[in-house]
Amino acid sequence: MIKLIGRLKLWQKFAVLGVLAIAMVLPPTLLAVKQTWDAANTARAEAQGLKPSADAIKLLQLTQQQRTLASLALNGDSAVVSLRTSQQQQLERALDAARQSSRALGDAKLDQRVDQWASRWHGIAKQIQANAINGAASQEQLTALVAEQIEILDAIGDASTLSLDPEATSYFIQLAVLHQLPALSEALEQARSRGALLLAQPEMSAADRSVYATLLGPIRVGLRAAQQVLVKATDADPTVASALEGAMNKAWAADEQALKLLSERIVDAKAPRLDVREYLAVTGPYSDAHFALMDAVLGKLQQILQDREAKYRQTLLWTLVLIAVAASLAAWLATVITRITSRAAR
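What counts and what doesn't
Residues numbered from 1 in each chain as written. Predicted model: local features only at pLDDT ≥ 70, side-chain atom pairs only at ≥ 80, totals over all residues. Heavy atoms only, no water. Phe/Tyr/Trp six-rings, centres within 6.5 Å; stacked < 30°, edge-to-face > 60°. Buried < 20%, exposed > 50% of the residue type's maximum accessible area, 1.4 Å probe, protein only. Core = buried A, V, L, I, M, F, W, Y, C linked by side-chain atoms within 4.5 Å. Helix = DSSP H or I, 4+ residues; strand = E, 2+ residues; numbered from the N terminus. Contact = heavy atoms within 4.5 Å. Expected span 1.5 Å × (residues − 1). Polar contact = N/O pair within 3.5 Å; in protein donor to acceptor, adjacent residues only side chain to side chain. Axes fitted to C-alpha atoms, helices over the stretch in contact; angles between N-to-C directions. Parallel < 35°, antiparallel > 145°, perpendicular 65-115°, else oblique. Left-handed = near helix turned anticlockwise from the far one by under 90°. Nonpolar A, V, L, I, M, F, W, Y, C, P; charged D, E, K, R; others polar.

(A) Spotlight on the packing of aromatic side chains. Overall, the coordinates contain one aromatic pair when judged by the stated rule. Relative to Phe172, the ring of Tyr171 lies with its centre 5.5 Å away and its plane at 70°, an arrangement referred to as edge-to-face. Looking at Tyr171, the relative accessible area reads 32%, which means it is partly exposed.

Below you can see the structure in the form of structure tokens.
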């Protein structure tokens, strides 16, 4: 080996040294480049789940509203029939948007679940339109659909890898918007819908009030869980607090006001009875505050993911530029040293 190296020309010896240097530097360099490339692609893949998530959340909101209106209409409240029909048309448009955006993720199982949900909804909608079920039955069936929607929202997180986010801030944010906040919204809306049905009755029995009181517990549990996960996100990144503070304060205040109203005006038998129209008008903004918070959380998550992808793309570009500059400089130095050494040897 030594004799072989001794026979090499000077430039060839530098070439051998260069190959050895490249062999030592190349593996960790390629690994770093691959990790940066993968991180940028992960951020992009996660961002692709935001539009389907937003569409699914909108569909969730409209399904919850349809549940309340359908139960009242089927119980004989003719004043809400036209409103229910108009709201159903909004729901159908939202469903079309949700199906289209979820298909962009390219997940066959998710597409199948969304199609099955749509089929079940259309079956229930036909029954409601034909007055083929009563208010309690429609409420039960639409509650099951809402539960399935929340599961689909979770599946969107899996299909887009949002649920596997590698950084603390964005992980807790996606956990809030895909899990905790929808669950909290559903707890509040179940109580709101059931309350409307009770207020539409001529009388509420003590048993009705007692059963209704059990619906308030999940709201308190859901509120605490949502607050905790968003506190974790703000602890990891203080900019989250400044971006979401207004929407969070409104949502948390709405929950406290809703709990107070439902406890005092429905559970408490001594309180003056609310008119169902007044009840819906007063409690509607409580639900809207949750969805406004979810919109704000999705907006912040989009900003985080876009910034992250841009950062990794820029890091990758500068890494490749530095590699090219270093390689060019090394080749130039080897050439210069070879020439100088060769002249000295003569």
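(B) Highlighting the nonpolar core. Ile219, Trp252, Tyr279 and Leu293 are the most contacted members of the largest nonpolar core, which totals 83 residues. Listed by contribution, the elements that provide at least two residues to this core are helix 3 (50-74), helix 4 (81-103), helix 5 (108-129), helix 6 (135-159), helix 7 (168-199), helix 9 (216-236), helix 10 (238-267) and helix 11 (276-345). If sequence neighbours within four positions are ignored, Leu293 has contacts with Leu181, Leu230, Ala247, Met248, Ala251 and Trp252.

(C) Molecular detail of the environment of Ala73. Tracing the chain through its elements places Ala73 in helix 3. Placed twelve residues apart in sequence, Ala73 and Thr85 show a C-alpha to C-alpha distance of 10.0 Å. Each residue touching Ala73, except ones within four places of it in the same chain, is listed here: Val80, Val81 and Arg84.

(D) Local environment of helix 6. Relative to the 36 Å expected for 25 residues at 1.5 Å per residue, helix 6 spans 36 Å between its end C-alpha atoms, a close match to the ideal helical length. If you check the start of helix 6, you find a side-chain oxygen 3.3 Å away from the backbone N of Ala136, and it comes from Asn134. Immediately downstream of helix 6, the backbone of Thr161 shows phi near 70°, a positive value.

(E) Up close: the packing of helix 7 against helix 10. Where helix 7 contacts helix 10, the two axes come as close as 12 Å, and the packing angle between them is 25°. Judged by the inter-axis angle, helix 7 sits roughly parallel to helix 10. As for how helix 7 packs across helix 10, the hand of that crossing is left-handed. When helix 7 is examined against helix 10, the residues Thr169, Ile173, Leu181, Leu184, Leu188, Ala191, Gly195, Leu198 and Leu199 are found in contact with a partner set consisting of Val240, Trp252, Asp255, Ala258, Leu262 and Ile266. Here the residues of the contact of helix 7 with helix 10 sort into twelve nonpolar, two polar and one charged.

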